[in-house]
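# Per-entry structural report
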Amino acid sequence: MLTTPFVDAPIFTRSRALRPTGKVLPEHARSHNRSLVLQTLYSAGPQSRADVARETGLTRVTVSDLVADLIGEGLIVELGQREIARPGKPAMLIDVDRAAFQIIGIDLSEHERFLGAIVDLDGGIVSRAEVALDGATGEAAAALVDALVAGLVASATAPVLGIGVGSPGIVDPNGVIRSAPNLGWQGLDLQSRLHDAFGLPVHIGNDANVAVLAEHGASTNDDLLLVKVGHGVGAGLIIAGRPVIGGGFAAGEIGHVIVGTDGGPRCACGKSGCLETWLAVPRLTAELDAVDDGEHAASAREAILTEAGRRLGIVLAPVVGALNLSEVALSGPAELLDGPLARAAVDTLRTRTMAEHNRDLRLRMTEQAQDIVLRGAAVMVLSGQLGVS
C-alpha cells in the first residue's frame, strides 16, 4: 500500500447544503436544531451566538444551549471577541472546530486500484493512500478494502469522525453492496464489516451517487446529473437539491442499459451491448490500444471515442428530456472523456431532445477531478454524523 502525506486546499467551506428530504418531527427537533447551528457556522464561518440565532430563526436561549453542548463535544470553539468600533461589549465569535476531526474517504471505482484519503472537515486532502487491485474480486477485493482503511485510520492525526466509501454497483441504505459485477460482490455487507473491524461510523454509497454530492457544491444548479466513468459506468442525480436514489436503490445505473439494437460486446452482467461495454475505462482503453499505429491511427481512435460518446448520448437523452436538465457533468479520465467523446455525446443529446427545451444544455468535465469520490465520501460522513453538507 502506498501512502502519501499531502495537504490540499479546502473546498467545502461555504458549500451549498442539500435540502432535507422530509418534515421534522417534534421528537427530532433538537437534533434538527443542532444541525442548523452546525450548518450555519460551517457554511458562513465565525459568527456570534446572536448572528446564529438570527440566521437560523432559533431563539437566543436555544442557540446558547446548543452551542454549550457542541463546545462540550469538541465540535465548536470560541475564537475570541469580535473587533468593533461601536460602544458596548463585543460579541464572542464561535465556529466549527475544523481541526477537531478527520474523515476517511475511500474510492473503489477505479479499475486498477482502490484509492483512499484522510480528509479534513473543510474537504482538504491531508494524506493519500492506494492499493493495487491486480484483478482481485470477491473476498480478495474486500480484504484490500480492509487493508486500505486500516492504514489510513492508523495514520490519522485527529479523531476520526467516520469512514465514507464510494463503491460501484447497487448499494442499499444499510451499506450492503447488493451487486457489483466487476468486483464479484453480491450481498456484501461492507458497512457492518468495516464498522466491526474499526469501531467507527461507516457510510457507504454508490460511487456516482457519492460523487454527485461533491459536485453539487461546485454547481450553480439545484438539478445536476453526473456520469461517473471508471471500472464501470454510473450516474448520480440531484433534483431540486435532493439526491435521487430510487426505490430499488439503483437510480443512475445506466451502465447496464443496452444501447441500441445492434448487439455489442459481452458485459460482466451477462448481457451484450450495455453502455459499460462501450464506455468503461478498461474496455475503452483496450479498444484504443488495439489500434495499429499508422497514418490512419489518429482518425481510428477518434472514431472509437466518437462512437462511445454517441452511445452515451443515446442513453442520456431520455433522462435529460424527461427531467429537463440543463447540466451534465462527466467524471473520469479527461484524456478519454474530454474531446471527441464529449462532443459526440452533447451533439447526440441535442439531436434526440427538443431543441427549444434544451438549447442551454451544458455538458462539462467535473470540477473535482480525480478526488470527486473521495470528497463525496467525506460529504456523506459530514451529513450522516453532523447533519452538515
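Residues numbered from 1 in each chain as written. Predicted model: local features only at pLDDT ≥ 70, side-chain atom pairs only at ≥ 80, totals over all residues. Heavy atoms only, no water.

The name given to the protein in an unreviewed UniProt entry is NBD/HSP70 family sugar kinase, with Agromyces terreus as the source organism. Entered under Sequence similarities (unreviewed entry) in the UniProt record, the comment concerning the protein runs "Belongs to the ROK (NagC/XylR) family." (UniProt positions renumbered as here; feature names shortened; annotations may be inferred.)

This next bit is on the packing of aromatic side chains. Given two aromatic rings, one states the distance between the centres and the angle between the planes to describe the pair. Summed over all chains, the structure comprises zero aromatic pairs. A cation over a ring is seen here: Arg-311 above Trp-278, with NZ or CZ 3.9 Å from the ring centre. (Phe/Tyr/Trp six-rings, centres within 6.5 Å; stacked < 30°, edge-to-face > 60°. Lys NZ or Arg CZ within 6 Å of the ring centre and 35° of its normal.)

Time to look at the sheet that holds strand β4 (residues 92–96). If you walk across this open sheet you meet the three strands as β2-β4-β3, and the pairing is antiparallel. Looking at the sheet topology across the chains shown, the edges are occupied by β2 (47–48) and β3 (76–81). One ladder, built from five bridges, connects β3 with β4; its direction is antiparallel. When the bridges of β4 are listed, Gln-81 appears paired with Met-92. Running over the sheet, helix α1 (residues 29–44) touches β2, β3 and β4 and is turned about 95 degrees from β4. (Pairing = 2+ DSSP bridges. Helix = DSSP H or I, 4+ residues; strand = E, 2+ residues; numbered from the N terminus. Contact = heavy atoms within 4.5 Å. Axes fitted to C-alpha atoms, helices over the stretch in contact; angles between N-to-C directions.)

With that settled, consider the nonpolar core. Most often, soluble globular proteins keep nonpolar side chains buried together rather than apart. Among the nonpolar cores identified, the biggest contains 38 residues, and Val-227 and Leu-312 are the most heavily contacted of them. Elements that contribute at least two residues to this core include exactly β13 (224–229), β14 (233–239), α7 (275–279), α8 (281–289), α9 (297–323), β16 (327–331), α10 (334–337) and α11 (340–352). Among the elements that make up this core, the one with the highest residue count is α9 (10 residues). Discounting residues that sit within four places of it in the chain, Val-227 has contacts with Val-233, Gly-234, Ala-235, Ile-254, Leu-312, Leu-316, Val-328, Ala-329, Leu-330 and Ser-331. (Core = buried A, V, L, I, M, F, W, Y, C linked by side-chain atoms within 4.5 Å. Buried < 20%, exposed > 50% of the residue type's maximum accessible area, 1.4 Å probe, protein only.)

The strand order β15-β14-β13-β16-β17 describes an open sheet built from five strands, whose pairing is mixed. With one partner strand each, in any of the chains shown, β15 (242–244) and β17 (362–365) form the two edges of the open sheet. The average undirected angle you get between the axes of adjacent strands in this sheet is 25 degrees. Looking at chain direction, β13 and β16 are connected through four bridges and run parallel. Looking across to β16, one finds that Leu-225 is bridged to Val-328.

Before going further, it helps to examine the pattern of salt bridges. Close approach of charged atoms lets side chains of opposite charge pair. All chains considered together, the criterion is met by 21 salt bridges. With a shortest N-O distance of 2.8 Å, Glu-130 and Arg-113 are connected by a salt bridge. Here Glu-130, found in strand β7 (residues 125–132), pairs with Arg-113, found in strand β6 (residues 113–120); they are 17 residues apart in sequence, far enough to count as distant. Judged by its relative accessible area of 27%, Glu-130 falls in the partly exposed class. Looking at Arg-113, the relative accessible area reads 28%, which means it is partly exposed. Put simply, Asp-172 and Arg-178 hold a salt bridge, and the shortest N to O gap is 3.3 Å. Note on Asp-172: relative accessible area 7%, which makes it buried. (Salt bridge = Lys/Arg side-chain N within 4 Å of Asp/Glu carboxyl O.)

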